[in-house]
Structures are given as C-alpha cells and as structure tokens.
Amino acid sequence: MTPYLRALRLVNFRNYTNDTVFLKPGLNIVAGDNAQGKTNLLEGISFAVTGSSPRTPNDSEVVNWDAKFARTEARIAIEGSDAERKVAVGYAPGEKKRLSVDGATAPSLAHYAAGGAGVRAVNFFPDDIRIVKGAPSDRREFLDGILSSLRPSYARAVNEYAKAVQQRNQLLRRIRDGFSSERTLATWDQKVVDLGEQVLQGRDVAVPVLDEHFASSLRALYGPEKAAIRYSHSASPDGYAEALREAHSADIERGTTSIGPHRDDFEVLLGGVDLTTFGSQGQQRLATLALKFAARDHVRGAVGEDPILLFDDVMSELDGRRREFLAGYFLESTQAVISTTNLEYFDEEILRRANVIRISGGAVTENVAG
Ligand SMILES: Nc1ncnc2c1ncn2[C@@H]1O[C@H](COP(=O)(O)OP(=O)(O)OP(=O)(O)O)[C@@H](O)[C@H]1O
Ligand SMILES: [Mg+2]
C-alpha cells in the first residue's frame, strides 16, 4: 500500500507554462541540457505534494515571470489498488495558497505537507550539501523538515517556538533599554520552555533513529569507517528552564535568547572526524546523500510508507562505482525522480528499466510512461 506519483501537471510553474509529466514506480530520469527546467520539475513535484518549495521560502519566485499565478496538479496512485488521489496547489502572489485533496480544501498547509496530500517526499538538491558543510541552522532545518513531514503538530510547535523566542528577544531589549522590568520575563520563559520542550522531544526521538540509518547508508555509499550524527544541546534538556533563568542577565545584555533548540546543532562524524570542518567535498556530498537516505528510512519506519525521492543532479561529481550503487538504489525504491544532463551515466540495462523524461525549454519533449 505504498503510494506513488502517477502524473504531474505544471501550470505557470517556473519556466513551465502548461505541461504534464507521467511518472512510474521505481526510477524516473529527467534528462535535459543546462537551464531547460530539470531542477524546476523536481521542485514542482515537491511543491505539488507538500504545498511549498524546498528551494525558497518565497512562493512568488515559483510563479512564471509572465503569469499571475502558478498551479500544480498531481495524481497519486495507491499501489495494488485502483484508487487514485487528486491533489492541487494554487498560488497567486498576495492571495492565500489554495490546497485541495480530491476537490476538498485541505485543513492546513502543515496537514497537507505531513501526509495530507497522500504522499511524502524527500528531496536532494546540490545546494543541500550545506546541511553537512554549512551553519547549525541548516542542520536544524533538516531535522525540523523531517519531523514536520511526519506530524503537523511538530511543524506548529517549531513555528510557534520561533515566534515565542522572537517575542522574548524583543522583551529582553525592552528590559535592557529600561522600558520593562525583569519580572515580566517569567511568562515568556514559560512559553518558550513549553514549546521548546516539544521541539526537543521530537528531535530526541528522531536523532538516534536517523543516526543508525545514516551510519548504514554511509557505509554502503562510502566505506567501512564508522559514521554517526551526534546531537549537541545548547542547554541540558533536564535543566532547560533553570538554564534559561540563569541566562537572564546575559540574555538581557545581548538582547537575544542564548539557549534552547534554536541554538542546538548536530555533528556529522566519519571515523571520528567532524565532516563539517574537515570533510572533503566528496565526503560532504556523500554524507548529505546518506542523511537524505536516513530521512527516507525514518519516514518509512514512522508511517509505514516510502516517501518519493526527488534527487536533483545527483550523479555528477560521483565516481562510477557510486553512480552504479545509486542507480540500483533508486531502481529498487518505491519511486525516485532524478535529474541529469548526461544519460551516459546509466548503462543500458538501467535505462531500459527506468522511465526517461526528456525536457527542453520548459516543456516535456519525450515521456514514454503514461
Ligand atoms: N519563475 C520563473 N519563471 C520563468 N523562468 C524561470 C523562473 N524561475 C527560474 N526560471 C528559469 O528556468 C530555467 C530552467 O531552470 P532550472 O534550474 O530548472 O534548469 P536545469 O535544467 O536544472 O539546469 P542545470 O542543468 O543548469 O541545473 C532557467 O533559465 C531559469 O532562469
Ligand atoms: Mg538544475
């Protein structure tokens, strides 16, 4: 009973004006030259099944430059059954986003993204290497993204926590500037701790599971050295409320909240070495892929269904042995959509089993499935 995407229609989405793509279970390869719309197509799939772009928080960027709105429509098949779900996302700048499932308005974006649309997605874009290489906020965003795709309540807790921290920060500055008294902080501390604990609980449950999947994925992708992710708390989870209280004077002086899940991080380790600081480009890229595979395994374990995999330009920069491993991995998955400029990365047998979609200038030029 694992769902997959059967068809996707993009209307005024990026450089697509109006086109439909048919997809199959297993491996789908989007092939085309540079700047033709491969990345846009993968982004479009993600937008269709989660209601947001994984590439930008600014929805208006996905609207075709010559259009006033963008729309995606997707048909999701349930394997081994005739049932099919139709989902649509419509967006016009300045208006509320419209999300519908079988013609009915979705209750919320968080609900739609956390399975409400009928299928979840794990994506990889080349820029995602920042999860390993970049700032702690990139790694937190990765964790929060996985957890939000599992439960709408987690997505809400993360958003409300971020708002509560901002409000506490404003108050800290008012206290510093003499417009408020320190006594008023207690109420905000309480709110921040209540929401922060929900975030921490979610992450504390997920990280050990991800760690295990990450270690086995990186072993398969890279080699036998022991890989791990290790969460680091900015404050001990047991003494969180107390630590926040103890930080009052320092926080007032700086005007920011110095501890809590918005300041946490995780280390990405290979053979005991921190890849964020010391990893080679290839190690960082493979570790990023292993984190994404761990996300897939975690989603599968938590909801009993595979997310679809959307992997952009994943084969470039990898050696032949690793490309072969990945091709096998995608072929065996419930559904993967990957993009490439170069079909020569794949041998004949793989191309025969895959669904190849050729695109050019924001239009599908060849698509056998359907
Ligand atoms: N909102 C938009 N409206 C119209 N065109 C857009 C919009 N956003 C991006 N584009 C254009 O779409 C084109 C295709 O972009 P895309 O990133 O999908 O290319 P690609 O096939 O992935 O190329 P590459 O192989 O270089 O990664 C680009 O020329 C880009 O400028
Ligand atoms: Mg691209």
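Each value, and the rule that gives it
- In every chain, residue numbers begin from 1 and rise along the written sequence.
- As a convention, the first chain written is A and the first ligand written is 1, with the rest following in written order.
- Owing to the predicted nature of the model, reporting of local features is limited to residues with pLDDT of at least 70; listing and counting of side-chain atom pairs is limited to 80 or more, with chain, interface and lining totals taken over all residues.
- The basis for every side-chain value is the complete set of non-hydrogen atoms in the structure, without hydrogens or water.
- Domain delimitation in this document rests on an assignment produced automatically or drawn from a domain database.
- Should any heavy atoms of two residues lie within 4.5 Å, those residues are considered in contact.
- Buried area adds together the accessible area that both of two parts lose upon being put together, with accessible area traced by a 1.4 Å probe.
- Whether a residue is buried, partly exposed or exposed follows from its accessible area with a 1.4 Å probe, protein chains only, as a fraction of its type maximum: under 20%, in between, or over 50%, in that order.
- Under the DSSP-based scheme used, a helix requires at least four consecutive residues in state H or I and a strand at least two consecutive residues in state E, with every element numbered from the N terminus.
- In this analysis, strands are considered paired if DSSP registers two or more bridges between them.
- For a helix, the expected span equals 1.5 Å multiplied by the residue count minus one.

**Here we look at the domain arrangement of the protein**
Think of interface size as the accessible area that goes away when the parts come together; that is how it is often given. Taken domain by domain, the protein holds domain 1 (1-120 + 305-370) and domain 2 (128-303). Taken over C-alpha atoms, the centre of domain 1 sits 28 Å from the centre of domain 2. Taken together, the contact pairs 24 residues of domain 1 with 21 residues of domain 2. Of the roughly 1,900 Å² buried at the junction of domain 1 and domain 2 (both faces included), carbon and sulfur atoms supply 60%.

**Overview of the pairing of strand β3 (residues 26-31)**
As a general feature of sheets, a regular strand has side chains that alternate between the two faces. Buried residues dominate β3, accounting for six of its six residues. Strand direction decides the pairing type here: β3 and strand β14 (residues 355-360), joined by four bridges, are parallel. Across the sheet, I29 pairs through a bridge with V356, a residue of β14.

**Things to note about helix α1 (residues 38-50)**
Taking 1.5 Å of rise per residue, the 13 residues of α1 would be expected to cover 18 Å, and the 19 Å separating its terminal C-alpha atoms lies within 8% of that figure. Counting buried positions along α1 gives 12 out of 13 residues, so the element sits mostly inside the fold. Looking only at α1, the buried set comprises K38, N40, L41, L42, E43, G44, I45, S46, F47, A48, V49 and T50. Positioned one or two residues after α1, G51 has a phi angle of 85°, which is positive.

**So, unusual backbone geometry**
The phi angle at N12 is positive, at roughly 55°, despite the residue not being glycine. Relative to the elements of secondary structure, N12 occurs in strand β1 (residues 3-13). Accessibility expressed as a relative area gives 14% for N12, which makes it buried. We note that D313 has phi near 50°; this positive angle belongs to a residue other than glycine. Relative to the helices and strands, D313 resides in the loop between β12 (308-311) and α11 (320-332). Relative accessible area serves as the criterion here: at 29%, D313 is assigned to the partly exposed category.

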